[in-house]
There are 2 protein chains.
Amino acid sequence: MEGSDLLAVAQQRQAQVDGVLDRFFSLAKNRASAFGQEYVELWEVLETNTVGGKRFRPRMVFTAYQALGGEDLEAAAYVGAAFELLHTALIVHDDVIDHDFIRRGIPNVSGSYRDRALAKGASERAAEHKGVSAAVIAGDLALFNAYRLIDRSGVNDVTRIRLVEVMDDALFASAAGELIDMDFSHLVDMPRVDDILTMERLKTAVYSFECPLQAGAILAGASEDVVATLADFGREIGVAYQIVDDLLGVFGKEADTGKTTIGDLREGKRTVLISYATSTREWAEIEVLIGKPDLAEDEAERVREVLISSGARSFAEGLARYYGNRALARLAEPHIPLALRLELHPVADAVLGRVK
Amino acid sequence: MEGSDLLAVAQQRQAQVDGVLDRFFSLAKNRASAFGQEYVELWEVLETNTVGGKRFRPRMVFTAYQALGGEDLEAAAYVGAAFELLHTALIVHDDVIDHDFIRRGIPNVSGSYRDRALAKGASERAAEHKGVSAAVIAGDLALFNAYRLIDRSGVNDVTRIRLVEVMDDALFASAAGELIDMDFSHLVDMPRVDDILTMERLKTAVYSFECPLQAGAILAGASEDVVATLADFGREIGVAYQIVDDLLGVFGKEADTGKTTIGDLREGKRTVLISYATSTREWAEIEVLIGKPDLAEDEAERVREVLISSGARSFAEGLARYYGNRALARLAEPHIPLALRLELHPVADAVLGRVK
């Protein structure tokens, strides 16, 4: 397809997913109105926190589904919207765990409720408590309804059961990854590179790549070997994505990524990049700077230089390419239809293209 | 039935529900073992926090189901177990919101993880954070799997969809009630009696009485009017139960209730009992004692005396009886089969019998 056609397809898919989510939230707000305006507002805040997304997971569902010949775009939109809502639930609760009130520069659910309470004169402590409480409730509603949207996709029972199992796998893995991440945050030592890869794969890659691709294939009625290969592809490219994302968190352009390149360093985020650096002799130079809450821009620049000179950046980039190539190798398998290969190659290229 | 027969039936039902939950947790732990021992332990803690329950909600499912002629006890056990897991999810997350680490004298999920972290030398703050984080994750797993257990009940698709809608109603109402409760906790003034009743109904009564009874009736293939009347009965008796529960939180015997009769007073819990007392002229005598964190037993005794002399206790008892009688009136409706009436009368009697 031409670039303009690709864009049109992408916009059409997104519009369809947005339509499902619009209807879902309209119904929920209408239903909530019987319980009072406060409850309607909770749903509005949840909607705001869902609508802002890149619709990344629905795109994975659609990509697999349409490349495998699926034509019921409405069903795909429901399944895509279900994964989008699962994503909302997981990040809302992740922010509760991390005590974050901002996501990508905008107040999240906790932040919205905290800010409202502050504006009404609540103490900082009471306002934060209100924010976190609302986020626990909102995340529960999103999680439960992720499941409900699959129910409403109108697919037959056999397909529905398979789809729900895939979503179950997504949550099961993500919870395991969140638990490992929680243990990391209480460790004194830096975790090893492979432990970080496992954590990132479980916490994010499985539900963002592996499961939505599988779901799209199942919905299209693909054979078991195609579904399995897509899961493998998703796992590999998902890990590559996480490594690249962490690289961009330090070396990216804020205009492109929408997040600062100093936040991860100040937080001391445990990434492949940093874990590798701890094994180099240059580590002593930057050790005190990683996780320094008031890290200055010139100090951050020094860290970046050392991450380059120590070889940490090259290592992480190389590892991302390694996983990217493993993903591409799966696409080359003979049972993968050409159309699917052509659809997924750009996905892998886009992930790896973000590195440079 | 004779008392001994009733006991045998109750034990058989409980054993069947416990069997479903045993299998569910065994499978989950087995599956978790691929992700490491830490994850298996999270599931063990979640199981411990589920197993301790009174199986109250499964009993409601079975009561309606069997009285309406249902014979597939395994299906009823799955649906009952689903409501039990929903209950676990809601209390685990409620404890996150309330920053509680103990429930009924035993460490809850947050408490188990906090205590382990403390034993390993973590600071109080870090240990509490670990506890709360684990509870967010564990509650998510319980919530999602509540839904999954309905899927696994083996019922036909039409029934399954109805059951899932009822569970959806349960979560939808409970989240609304939790939100109102959260607003209460940041209020300076005492909420009105009817606002407290609404909060307690939504937060607890709907998912504990109304929905499990409806689910049992739907599972039994009951007519719509029977399902609707059971929902009404459950709503009324559920409100009565909450009022009685709050009365027992101040006037109960610890040996019977398993909770102290000073905790609610120290916490300043907003109940019908206390809300009514604020409207009496005796309130000035006890105002400073309600919500006093270090309330002494002799002060608590003074509060109890005033709650009696002011008429607050009688009012709350009268209100509980009023809702109890409204519940019984629903059972008297002509379309309610005798067997169901005979099963539910003792439920209402048991609720009201706890007052005196």
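Residues numbered from 1 in each chain as written. Chains lettered and ligands numbered in written order. Predicted model: local features only at pLDDT ≥ 70, side-chain atom pairs only at ≥ 80, totals over all residues.

## Points about the overall build of chain A
- Looking only at helices and strands, one finds 16 helices and two strands in chain A.
- Against the 2.2 N^0.38 benchmark of 21 Å for 356 residues, chain A shows a C-alpha radius of gyration of 21 Å, consistent with a compact globule.
- Dimensions along the principal axes, computed over C-alpha positions, put chain A at roughly 60 × 60 × 35 Å.
- Within chain A, buried positions represent 51% of all 356 residues. (Helix = DSSP H or I, 4+ residues; strand = E, 2+ residues; numbered from the N terminus. Rg over C-alpha atoms; globule rule 2.2 N^0.38 Å. Buried ≥ 20, exposed ≤ 12 C-beta atoms within 10 Å, placed from the backbone.)

## Some points on the relation of the copies chain A and chain B
- Superposing chain A onto chain B requires a rotation of 180° together with a translation of 0.0 Å along the rotation axis, leaving an RMSD of 0.0 Å. Given the turn and translation reported, the copies of this chain are related as if by a two-fold rotation axis. Minimal C-alpha distance to the rotation axis in chain A is attained by A:Phe144, lying at 3.1 Å.
- Looking at chain A, 100% of its interface residues are interface residues in chain B too, so the copies touch through the same face. (Least-squares fit on C-alpha atoms with pLDDT ≥ 70 in both. Contact = placed C-beta atoms within 7 Å.)

## Let's talk about the interface of chain A and chain B
- Contacts between the two partners involve 35 residues from chain A and, on the opposite side, 35 residues from chain B.
- Only helix H2 (37-51), helix H4 (73-98), helix H6 (124-151) and helix H7 (157-185) of chain A provide two or more residues apiece to the side of chain A that touches chain B.
- For the side of chain A that touches chain B, the leading source of residues is H6(A), giving 13 residues.
- By residue class, the composition of the side of chain A that touches chain B is 22 nonpolar, three polar and 10 charged. (Nonpolar A, V, L, I, M, F, W, Y, C, P; charged D, E, K, R; others polar.)

## Re the confidence of the model for chain A
- Chain-level pLDDT for chain A is 93 on average; 98% of the residues reach the 70-or-more range.
- Model confidence for the complex: the whole-complex pTM is 0.94, and ipTM, which rates the interface, is 0.93. (pLDDT = per-residue confidence, 0-100.)

## Overview of the nonpolar core
- A:Leu86 and B:Leu86 are the most contacted members of the largest nonpolar core, which totals 241 residues.
- Sequence-distant contacts of B:Leu86, that is, excluding residues within four places in its chain, are made with B:Leu143, B:Ala146, B:Met167, B:Ala170, B:Leu171 and B:Tyr207. (Core = buried A, V, L, I, M, F, W, Y, C linked by C-beta atoms within 7 Å.)

## Some details on the packing of H4(A) against H6(A)
All names here are of chain A.
- Running from N to C, H4 and H6 point in directions that differ by 160°, and their axes come no closer than 8 Å. When the axis of H4 is compared with that of H6, the two are roughly antiparallel. The hand of the H4/H6 crossing is left-handed. On H6, the residues that touch Tyr78, Val79, Ala81, Ala82, Leu85, Leu86, Thr88, Ala89, Val92, His93, Asp95 and Val96 of H4 are Val132, Ala135, Val136, Ala138, Gly139, Ala142, Leu143, Asn145, Ala146, Leu149 and Ile150.
- Taken together, the residues of the contact of H4 with H6 break down into 18 nonpolar, four polar and one charged. (Axes fitted to C-alpha atoms, helices over the stretch in contact; angles between N-to-C directions. Parallel < 35°, antiparallel > 145°, perpendicular 65-115°, else oblique. Left-handed = near helix turned anticlockwise from the far one by under 90°.)

## Overview of the environment of B:His129
- Relative to the elements of secondary structure, B:His129 occurs in helix H6 (residues 124-151).
- For the pair B:His129 and B:Tyr113, spaced 16 residues apart in the sequence, the C-alpha separation amounts to 9.1 Å.

## Some details on helix H5 (residues 109-119) of chain B
Residue and element names in this part refer to chain B.
- Buried residues of H5: Val109, Ser110, Gly111, Ser112, Tyr113, Arg114 and Ala117, and no others.
- If you follow the buried residues of H5, they end up packed against helix H2 (37-51), helix H4 (73-98), strand S1 (102-103), strand S2 (106-107) and H6.
- Backbone geometry just after H5 places glycine 121 at a positive phi near 95°.

## Focus on unusual backbone geometry
- Even without glycine at this site, A:His99 takes up a positive phi of about 55°.
- Mapped onto the elements of the fold, A:His99 is located in the loop between H4 and strand S1 (102-103).

## Quick notes on the packing of helix H3 (residues 56-67) of chain A against H4(A)
Residue and element names in this part refer to chain A.
- Running from N to C, H3 and H4 cross one another at 150°; their axes reach a closest spacing of 7 Å. When the axes of H3 and H4 are compared, the pair comes out roughly antiparallel. Note on packing geometry: the crossing formed by H3 with H4 is right-handed. Two secondary-structure elements touch here, H3 through Arg57, Pro58, Val61, Phe62 and Tyr65 and H4 through Ala76, Val79, Gly80, Ala81, Phe83, Glu84 and His87.

## Brief notes about helix H15 (residues 312-331) of chain A
Residues and elements named next belong to chain A.
- Along its 20 residues, H15 runs 29 Å from first to last C-alpha, staying within 8% of the 28 Å computed at 1.5 Å per residue.
- Listed in full, the buried residues belonging to H15 are Ala312, Arg313, Phe315, Ala316, Leu319, Ala320, Tyr323, Gly324, Ala327, Arg330 and Leu331.
- Those residues of H15 hidden inside the fold are in contact with helix H9 (224-251), helix H12 (272-278), helix H14 (297-309) and helix H16 (338-353). (Expected span 1.5 Å × (residues − 1).)

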